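# Residue-level structural notes
Chain residues, written in single-letter form:
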Amino acid sequence: MAIFRSDQKMVDLNEILDIIPSDSLDTDTTVLEVLQIPKNIDFAFDAAVDRLKYGKLAARDVKGKIVVHDGVVTINETGMNALGGITAGERRPTTPGIRLNL
């Protein structure tokens, strides 16, 4: 399994969104379909961001882990300090919904 890791002091998503042409943000009328993940893709991606800005949201200690294994994408160990509290959650394909501990 390949493992990727990204540690950032600051990520300002507003700056990233500012460089996307406005016509690419128009309403998309494409029909959504299930994306099948090839079973031969096997990797984990860990990310940690000390400070994150997105619109008016300012978050600290953002972390997350995405694992792609055997055709399944699992998101776990995610969380951040934002809006006066700590949010944490996991998403596993066999469990419907997302659990947030506020």
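Model, not experiment: these values are computed from the prediction.

### Some points on the pattern of salt bridges
Between side chains of opposite charge, a pair can form when the charged atoms approach closely. By the definition in use, this model includes two salt bridges. Here Arg5 and Asp7 are joined by a salt bridge, their closest N and O atoms 2.8 Å apart. On the basis of relative accessible area, Arg5 is assigned to the exposed category, the value being 52%. Residues Asp50 and Lys9 are paired through a salt bridge, measuring 3.6 Å at the closest nitrogen-oxygen approach. With Asp50 in strand S2 (residues 43–54) and Lys9 in strand S1 (residues 2–12), this pair connects stretches of sequence that are 41 residues apart. Look at Asp50 and you get partly exposed, because its relative accessible area is 34%. Residue classification places Lys9 among the exposed positions, given a relative accessible area of 66%.

### Quick word on a nonpolar patch on the surface
On the surface, a cluster of nonpolar side chains totalling about 380 Å² of accessible area is made up of Phe4, Phe45, Ile66, Val73 and Ile75. For Val73, the position within the fold is in strand S4 (residues 72–82).

### Brief notes about the side chain of Asp12
Within the secondary structure layout, Asp12 lies in strand S1. Of the buried charged residues, Asp12 lacks a salt bridge, with Lys53 as the closest side chain of opposite charge at 4.2 Å. Here the side chain of Asp12 touches Asn14 through a polar contact of 3.0 Å, landing on its backbone nitrogen.

### Side note on the packing of aromatic side chains
Inspection of the entire model under this criterion finds one aromatic pair. The interplanar angle of 75° and the centroid separation of 5.7 Å between the aromatic rings of Phe4 and Phe43 together place this pair among those described as edge-to-face. Of this pair, Phe4 sits in strand S1 while Phe43 sits in strand S2, and the two are 39 residues apart along the sequence. Overall, Phe4 belongs to the partly exposed group, its relative accessible area being 44%.

Definitions and cut-offs
- Every chain begins its residue count from 1, and numbering advances along the sequence as written.
- Since the coordinates come from a predicted model, pLDDT governs what is reported: local features require at least 70, and pairs of side-chain atoms require 80 or more to be given and counted, while whole-chain, interface and lining totals use all residues.
- Side-chain figures throughout are based on the complete set of non-hydrogen atoms in the structure, without hydrogens or water.
- Just to be clear on terms, a salt bridge is a Lys or Arg side-chain nitrogen sitting within 4 Å of an Asp or Glu carboxyl oxygen.
- Classification of residues uses two cut-offs on accessible area relative to the type maximum, computed with a 1.4 Å probe and protein chains only: under 20% is buried, over 50% is exposed, and between them is partly exposed.
- Only runs of H or I of at least four residues qualify as helices and only runs of E of at least two qualify as strands under DSSP, and these elements are numbered from the N terminus.
- Surface patches are drawn from residues lacking salt bridges whose relative accessible area is over 30%; two like charges belong together within 9 Å, two nonpolar side chains (Val, Leu, Ile, Met, Phe, Trp, Tyr) within 5 Å.
- A 1.4 Å probe and the Shrake-Rupley method give the accessible areas. Residues count as covered only by the protein chains that appear here.
- Positive charges are assigned to Lys and Arg, negative charges to Asp and Glu, while His and the chain termini are left out of the count.
- In protein, a polar contact means a hydrogen-donor-capable atom and an acceptor-capable atom, both N or O and within 3.5 Å, with residues adjacent in sequence counting only if both atoms are side-chain atoms; elsewhere, any N or O pair within 3.5 Å suffices.
- Working definition: a ring pair exists when centres of Phe, Tyr or Trp rings (six-membered ring for Trp) sit within 6.5 Å. Plane angles under 30 degrees give stacked, over 60 give edge-to-face, the rest tilted.

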